[in-house]
Amino acid sequence: MNTCAVRGKPVEKVRSLLGQLRKEKERRGLLIGMMGCLAQLDEGQQMAKKFGVDVLLGPGALTSLPEALKANERFWDLTFREDVLDYIPPPPKGALSAHVTIIRGCNHHCTYCIVPTTRGPEVSRHPDLILKEIELLKQAGVVEVTLLGQNVNSYGKDQPGFPSFAELLRMVGGMGIPRVRFLTSHPVNFTDDIIEAIAETPAICRYIHLPVQSGSDRVLRRMAREYRRAHYLERIRKIREALPDAVLSTDIIVGFPGETEEDFQILLDFLEEAELDRVGVFAYSPVEGAEANRLPDPVPEEVKEERKARLLELQARVSLRKNQRFVGKTLEVLVDELPEPGLAVGRTYRDSPGIDGVVYVETDGTVRVGERIPVRILRADTYDLHGVQA
Ligand code: SAM
Ligand code: SF4
């Protein structure tokens, strides 16, 4: 099992799956393995003991997996192994898109978040390894690469002599991979040189996921996010000035402890003003070990859900309006699927693989998966687009 510990729901799913696996193990002898952020936490280790997990590997011990499987018995490793950074996974067979880790860990201390505890401080991977991994992906036919990290724009800061994130973008953007993406950026250091690097490198998708978390300064302060609303708005103004076609997305947490109706209204006003293309909304989930757990004034679950629904309703209107700006334009679509003759499903640079919208394209029937075709957009839904091959 690969686990996530960022919110309560995925943790509960693991608990219930472990219960099922324990029964199955009694019946036919299984080797149960658990990896990911939950494995690194006390809570996960307690569960592992209770449910008879054999192999337990934290996010820093990924490279112990072959050894753990060979041992075929109880094997726990919660260390942060140095070779995790050096390991180059084999390219996925037949995939068009792939993810490449450029930095691990996080140096921020957002009060709601468990990631710095589970993943440790920021450590950038050597640029030679990153470029080598991408070259192998390119040779294997991958046409879309997403550079990954909790804060990609911190890349290089921890290692003297490493390129900055802006420099890395230019390097990767020049390798002949047609689409280069990156996830996730932090608003506090989304600096002008990064915006310039995107503007000057055609292969870098004009898609920026910049989580804001709240639009109210009072809440941002309690979350220990190191910027305020005005800074965020200034950054997106700057992005739009340099990259008029940029698609902006964000994450928001509603119902953070102490969030009042007034804070929430300020957040709704912020969303009207910021006009972001896409918003992921999460109800605040108290996770064991996070500082925000101890903050006073928890917001009742039904208020969180009600705020979430109101926010989504407002954002659906904004997202639809933003999506409509593509109607009448011709955009390049990377074909992911051909569900029936004459119909292709693909993505423009606006859509991250597996996360965002898609484009439904009427084709002449000769296109193949993996092709990038020009598509005239005829119609927009909130998230998806519809068009014809141009
Ligand atoms: N490093 C990125 C950042 O700073 O935005 C993303 C980190 S987190 C794994 C992904 C998203 O989960 C965050 O943007 C946040 O909105 C959400 N999240 C994290 N902790 C949460 C919590 N305790 N409750 C609800 N949502 C949470
Ligand atoms: Fe968590 Fe992101 Fe904040 Fe780091 S910057 S603590 S990963 S939300």
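None of the values given here were measured: they were computed from a predicted structure.

### Quick look at the site of ligand 1
Then comes step 1: The environment of ligand 1 is formed by 14 residues, the closest being R7, Q150, Q213, D251 and S285.
Then comes step 2: Between ligand 1 and the protein, one listed contact pairs an oxygen atom with a side-chain N or O atom of R225 at 3.2 Å.
Then comes step 3: Separating an oxygen atom of ligand 1 from a side-chain N or O atom of D251 is a distance of 2.7 Å.
Then comes step 4: A total of 560 Å² of accessible area belongs to ligand 1 in isolation, and the protein chains cover 89% of it.
Then comes step 5: Sorting the residues of the shell around ligand 1 by element identifies β11 (247-254) and β12 (278-283) as the ones contributing at least two each.
Then comes step 6: A breakdown of the residues in the shell around ligand 1 according to their chemical character gives 7 nonpolar, 4 polar and 3 charged.

### Some details on the site of ligand 2
Then comes step 1: Residues in close proximity to ligand 2 include C106, H108, C110, Y112, C113, V115, P116, Q150, N151, H186 and R225, which together make up its full environment.
Then comes step 2: Residue classes in the shell around ligand 2 are distributed as 6 nonpolar, 4 polar and 1 charged.

### Observations concerning the sheet that holds strand β2 (residues 33-36)
Then comes step 1: Here we have 4 strands laid out as an open sheet, ordered β1-β2-β3-β4, and parallel in their pairing. Among the strands making up the open sheet, the edge pair consists of β1 (2-3) and β4 (75-77).
Then comes step 2: In terms of strand pairing, β1 meets β2 through 2 bridges, oriented parallel. Counterpart to N2 in the pairing with β2 is M35.
Then comes step 3: Taken strand by strand, helix α3 (residues 42-51) contacts β2, β3 (55-57) and β4, and its axis lies near 175° from that of β4.

### Regarding helix α13 (residues 301-323)
Residue pairs three or four apart in sequence face the same way in an α-helix, which turns once every 3.6 residues.
Then comes step 1: The end-to-end C-alpha distance of α13 is 32 Å, a good match for the 33 Å that 23 residues give at a rise of 1.5 Å each.
Then comes step 2: Of the positions making up α13, those classed as buried are K304, R307, L311, L314, Q315, V318, S319, K322 and N323.
Then comes step 3: Considering only its buried residues, α13 is in contact with α11 (229-242), β11, α12 (261-274), β12, β16 (372-380) and β17 (385-389).

### As for the nonpolar core
Then comes step 1: Judged by nonpolar contacts, the single largest core of 55 residues is most densely connected at L147, F182 and L311.
Then comes step 2: Counting residues per element, this core draws most heavily on α12, at 6 residues.
Then comes step 3: In contact with F182, not counting residues within four places along its chain, are T146, L147, V152, F165, L169, F190, I198, I204, Y207 and I208.
Then comes step 4: Judged by nonpolar contacts, the second largest core, of 18 residues, contains V11, A39, V53 and L56.

### Considerations on the pairing of β16
Then comes step 1: As paired strands, strand β13 (residues 330-340) and β16 are joined by 5 bridges and run antiparallel to one another. Counted as the bridge partner of V333 is I373 from β16.
Then comes step 2: By the bridge criterion, 5 bridges tie β16 to β17 in an arrangement that is antiparallel. Looking across to β17, one finds that A380 is bridged to L385.
Then comes step 3: Remark: 4 residues form the turn of the hairpin made by β16 and β17, two consecutive strands paired antiparallel.

### Concerning the packing of aromatic side chains
Then comes step 1: This structure, assessed with the given rule, holds 6 aromatic pairs.
Then comes step 2: Relative to F256, the ring of Y112 has its centre 6.3 Å away and its plane inclined at 85°; by these criteria the two rings are edge-to-face. Placement of the pair is Y112 in the loop between β6 (103-104) and α6 (115-119) and F256 in the loop between β11 and α12, with a sequence separation of 144 residues.
Then comes step 3: Under the relative-accessibility criterion, Y112 is labelled buried at 10%.
Then comes step 4: Relative accessible area serves as the criterion here: at 1%, F256 is assigned to the buried category.
Then comes step 5: Look at F165 and F182: their rings are 5.5 Å apart centre to centre, the planes differ by 75°, and that puts the pair in the edge-to-face class.

### Section: unusual backbone geometry
Glycine aside, residues mostly have negative phi angles, and peptide bonds mostly take the trans form.
Then comes step 1: The omega torsion across L183 and T184 is -5°, close enough to zero to call that bond cis.
Then comes step 2: Not every positive phi belongs to a glycine, and E275 is a case in point at roughly 50°.
Then comes step 3: Residue E275 is classed as partly exposed on the basis of its relative accessible area of 27%.

Rules used in this analysis
Residues numbered from 1 in each chain as written. Chains lettered and ligands numbered in written order. Predicted model: local features only at pLDDT ≥ 70, side-chain atom pairs only at ≥ 80, totals over all residues. Heavy atoms only, no water. Near = heavy atom within 4 Å. Polar contact = N/O pair within 3.5 Å; in protein donor to acceptor, adjacent residues only side chain to side chain. Areas by Shrake-Rupley, 256 points an atom, 1.4 Å probe, with all protein chains shown as cover. Helix = DSSP H or I, 4+ residues; strand = E, 2+ residues; numbered from the N terminus. Nonpolar A, V, L, I, M, F, W, Y, C, P; charged D, E, K, R; others polar. Pairing = 2+ DSSP bridges. Contact = heavy atoms within 4.5 Å. Axes fitted to C-alpha atoms, helices over the stretch in contact; angles between N-to-C directions. Expected span 1.5 Å × (residues − 1). Buried < 20%, exposed > 50% of the residue type's maximum accessible area, 1.4 Å probe, protein only. Core = buried A, V, L, I, M, F, W, Y, C linked by side-chain atoms within 4.5 Å. Phe/Tyr/Trp six-rings, centres within 6.5 Å; stacked < 30°, edge-to-face > 60°.

By themselves these figures say nothing about function.
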